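Below, each chain spelled out in residue letters.
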Amino acid sequence: MPTLVVVRHAKADSPVGLQDIARPLAPRGKADAVEAGRWLARTVGGCDLLLTSPARRTEETTARLLDGWATAPVIVDEERLYEATLGDLLRIVRGLDTQRPDSVVVLVAHNPGASDLVESLTGEVVQLRTAGLAVIAVEGEWADADSTSCRLVQVHTARAQTPSAS
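Every residue gets a number counted from 1 within its own chain, in the order that chain's sequence is written. With the structure being a predicted model, the display of local features is reserved for residues of pLDDT at least 70 and the display and counting of side-chain atom pairs for 80 or more, all residues being used for whole-chain, interface and lining totals. Each side-chain value is worked out from all heavy atoms of the structure, with water and hydrogens disregarded.

Looking at the overall build of the chain
Put simply, the rule is: Numbering of helices and strands runs from the N terminus, with a helix taken as a DSSP run of H or I at least four residues long and a strand as a DSSP run of E at least two residues long. Note on method: radius of gyration uses C-alpha positions; expected globular size equals 2.2 Å times residues raised to 0.38. The buried label applies to any residue whose accessible area, calculated with a 1.4 Å probe on protein chains only, is under 20% of its type's maximum; exposed applies above 50%, and partly exposed to all values in between. Surface accessibility follows the Shrake-Rupley procedure with a 1.4 Å probe radius. Residue values consider only the protein chains on display as shielding. None of His or the chain ends enter the tally, which takes Lys and Arg as positive and Asp and Glu as negative. In plain terms, the charge of a residue is placed at NZ if it is Lys, CZ if Arg, CG if Asp and CD if Glu.
Each helix and strand in the chain was counted, giving four helices and six strands. Walking the chain from its N terminus toward its C terminus, one meets helices and strands in the order β-α-β-α-β-α-β-α-β-β. Relative to its length of 166 residues, the chain is compact, with a C-alpha radius of gyration of 15 Å against a globular reference of 15 Å. Going through the 166 residues of the chain one by one, you find that 48% of them count as buried. Counting only carbon and sulfur atoms, one obtains 48% of the accessible surface of the chain, whose full area is about 8,200 Å². The positive charge centre, built from 17 side chains, and the negative charge centre, built from 22, are 8 Å apart in the chain.

Written as structure tokens, this is what we have:
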């Protein structure tokens, strides 16, 4: 059965005068994204296809997710993920055509769309925080993915360990 992992990008910085699409990850976001990749490697294993928004913060999150995986997936810079509505996200998921029946697809996107997608597919209300991940089992074909064919397996918010003050 296919697996969809919805990832909300890690914590972004907000430098003055920078366009939204160009916002980089904050230092905490960089560390959390690495931890998210480690968690994915331990929990889900590998990934066959990774779709990422063209926004700088999602691309930086994606690069750090890959640090935790033994083999790199096929990565697609999916323009429709930036400022995507729920309808856009559902079209992307239902349009997936992976060859393996047990394929793992990771989608790195933004809120509110990422959280809305999880709720629409599973019927579960999930508010993904930055570096939040939702693992969804898709029972059937991607084209038929909806709340009757998808099950929320796990939700996780990645947080890097910070050294304690002495």
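Now that the structure has been shown, the text picks up again.
Regarding the environment of Val6
The test is simple: By definition in these notes, contact holds between two residues if any of their heavy atoms fall within 4.5 Å.
Here Val6 shows up in strand S1 (residues 3–8). Through-space distance from the C-alpha of Val6 to that of Val108 is 6.3 Å; in sequence the pair is 102 residues apart. If sequence neighbours within four positions are ignored, Val6 has contacts with Leu107, Ala114, Leu117, Val118, Leu128, Gly132, Leu133, Ala134 and Ile136.

A word on the nonpolar core
Filter applied, for reference: Throughout, nonpolar core names a set of buried Ala, Val, Leu, Ile, Met, Phe, Trp, Tyr and Cys residues whose side chains join them through atoms within 4.5 Å.
Judged by nonpolar contacts, the single largest core of 26 residues is most densely connected at Leu4, Val6, Leu107, Leu117 and Leu121. Of all the elements in the fold, those that place two or more residues in this core are S1, strand S2 (49–52), helix H3 (86–94), strand S4 (104–109), helix H4 (113–122) and strand S5 (132–138).

Topic: the pattern of salt bridges
Pairing between side chains of opposite charge can happen when their charged atoms approach one another. To keep it simple, the criterion reads: What counts as a salt bridge is simple: a side-chain nitrogen of Lys or Arg found within 4 Å of a carboxyl oxygen of Asp or Glu.
Within the structure shown, the criterion is met by ten salt bridges. Salt-bridge contacts for Arg42 lead to Glu35; the nearest nitrogen and oxygen are separated by 3.7 Å. With relative accessibility at 18%, the residue Glu35 sits in the buried group. For Arg80, the salt bridge identified is with Glu78, shortest N-O distance 2.8 Å. Salt bridges linked by common partners bring Asp20, Arg23 and Arg57 together as one network.

Observations regarding the side chain of Arg23
Counted only if it meets this: Two N or O atoms form a polar contact when they lie within 3.5 Å of each other; inside protein one atom must be a possible hydrogen donor and the other a possible acceptor, and for residues adjacent in sequence the pair counts only when both atoms belong to side chains.
Note on placement: Arg23 falls in the loop between S1 and helix H1 (27–43). A polar contact is formed between the side chain of Arg23 and the backbone oxygen of Asp13, at a distance of 2.8 Å. When sequence neighbours within four positions are dropped, the list of residues in contact with Arg23 reads Ala12, Asp13, Ser14, Leu18, Arg56 and Arg57.

Some words on unusual backbone geometry
The omega torsion of the bond from Asn111 to Pro112 falls at 10°, within 30 degrees of zero and hence cis. Looking at where Pro112 falls in the secondary structure, it is placed in the loop between S4 and H4. Non-glycine residue Ala131 carries a positive phi angle of around 60°. Residue class for Ala131 comes out buried when judged on its relative accessible area of 2%.

Remarks on helix H2 (residues 56–65)
Taken as a whole, H2 has its buried residues at Arg57, Thr58, Glu60, Thr61, Thr62 and Leu65. Residues of H2 that are buried make contact with H1, S2 and S4.

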